[in-house]
Amino acid sequence: MNQIMACIDGSAQAAAVCDCAAWASLQLDAPLTLLHVLDQQQYPAAGNLSGIIGLGSREYLLEELAALDEKRSKLALEEGRMMLDSARQRVITAGIAQPDVRQRHGDLVETLRDLEADIRLLVIGKQGEDSGNDLQLIGSQLESVIRTLHRPILVTPASFSVPTSVMLAFDGSDTSRKGVEMLASSPLFKGIPIHLVMVGDDNGEHRALLDSARDALVSAGFDVHIAVRSGEVEPVLHAYQAEHQIGLLVMGAYGHSRIRQFLVGSTTTRMIRSTTTPLLLLR
């Protein structure tokens, strides 16, 4: 579990994924792997028509279709190799000395599940190559990836800039406390101010939780700001982010229980859809 893994495809966000992954790799001093997965449903393996060969006059047509299928698959593989080569050159330019590249034929979620033991941080675009131009949409497989993997996932929008400040959406839950521990022990945000923001009532209990989290981060050498804001979670967090020009948001991902999954999961999905900055999701 030591690699930064970046999912590369033909979307407009692939460049941002490369830039974000290269930054994370340098910050964490961890090797970077660029991964391209060829969708087996969009480009099935060659020879999938062999089971119906032998239908007399249709045999020639079936052979032609099988050959066309094989050609499409080969072209898609070559296109993927070209994308990986372009991504490799981009991260080398960003300072990554020896990035690794991998190409798989299959399902993205299953592939990442198989590689999960090697992943320290996954970097993936908010939208895939089939998402269109609607910036409010999220990639068709992104939610499944987030629910499946038990690794930190850094979701990037269409562009990436190195963050000069970070905000952790803190609610006092086990996930957010683990988030504080992760921030305190990880070099990912070393030297970057951290804002701890709680959405809820400004009372003694919430202030005590925030003070404890702040103390842990201050002890680790961070410049920390705390705030309690009332209102709906999504607009409040985005308003605070805009007010303080925060370049990256950290928050817990989908919960495990059905009730928590419904409550937290819906907020997570809305935040992914509406964010214009990178979003680090913790499990």
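Everything that follows concerns the structure shown earlier in this document.
These numbers come from a predicted model, not from an experiment.

Trainee: I'd like to hear about the environment of Met167, residue by residue, with values.
Mentor: Checked against the element boundaries, Met167 lands in strand E6 (residues 166–169). Given a relative accessible area of 0%, Met167 falls into the buried group. When neighbours within four sequence positions are excluded, Met167 is seen to be in contact with His195, Val197, Leu237, Tyr240, Gln241, Ile246, Leu248, Leu249 and Val250.

Trainee: Outline the environment of Leu217, supporting the account with residue identities and numerical values.
Mentor: Tracing the sequence through the fold places Leu217 in helix H6 (residues 204–219). Residues Leu217 and Met182, spaced 35 residues apart in sequence, show a C-alpha to C-alpha distance of 9.8 Å. In this structure, Leu217 is in contact with Val180, Leu183, Ala184, Ile194, Leu196, Phe222 and Val224, ignoring residues within four places of it in sequence.

Trainee: Explain the pattern of salt bridges to me, using residue names and the numbers behind them.
Mentor: Tallied over the entire structure, the rule returns nine salt bridges. In this structure, Asp174 and Arg177 form a salt bridge, with 2.5 Å as the shortest nitrogen-oxygen distance. Here Asp174 pairs with Arg177, and both are found in helix H5 (residues 174–185), just three residues apart, close to one helical turn. Relative accessible area serves as the criterion here: at 36%, Arg177 is assigned to the partly exposed category.

Trainee: Go over the packing of aromatic side chains with me, naming the residues and quoting the values.
Mentor: A full pass over the atoms with the stated rule returns two aromatic pairs. Ring centres 5.8 Å apart and planes at 45° place the aromatic pair Trp23 and Phe160 in the tilted group. Of this pair, Trp23 sits in helix H1 (residues 14–28) while Phe160 sits in the loop between strand E5 (153–156) and E6, and the two are 137 residues apart along the sequence. Residue classification places Trp23 among the buried residues on the basis of a relative accessible area of 8%. Judged by centre distance (6.2 Å) and plane angle (40°), the rings of Trp23 and Phe189 are tilted. Remark: Phe189 occurs in the loop between H5 and strand E7 (194–199) and Trp23 occurs in helix H1; sequence separation between them is 166 residues.

Trainee: An account of the sheet that holds strand E10 (residues 279–282) is needed here, citing residue identities and associated values.
Mentor: Pairing is mixed in the open sheet, where 10 strands are placed in the order E3-E2-E1-E4-E5-E10-E9-E6-E7-E8. Two strands close off the open sheet at either side, each with one partner strand: strand E3 (100–106) and strand E8 (224–229). The sheet shows a mean angle of 20° between the axes of neighbouring strands, taken without regard to direction. Two elements, E6 and E7, share four bridges in a ladder whose sense is parallel. What sits directly across from Met167, in E7, is His195. The strands that H1 touches are strand E1 (3–7), strand E2 (32–39), strand E4 (119–125), E5 and strand E9 (248–252); relative to E4, the one it contacts most, it runs at about 155°.

Procedures and definitions
Residues numbered from 1 in each chain as written. Predicted model: local features only at pLDDT ≥ 70, side-chain atom pairs only at ≥ 80, totals over all residues. Heavy atoms only, no water. Helix = DSSP H or I, 4+ residues; strand = E, 2+ residues; numbered from the N terminus. Buried < 20%, exposed > 50% of the residue type's maximum accessible area, 1.4 Å probe, protein only. Contact = heavy atoms within 4.5 Å. Salt bridge = Lys/Arg side-chain N within 4 Å of Asp/Glu carboxyl O. Phe/Tyr/Trp six-rings, centres within 6.5 Å; stacked < 30°, edge-to-face > 60°. Pairing = 2+ DSSP bridges. Axes fitted to C-alpha atoms, helices over the stretch in contact; angles between N-to-C directions.

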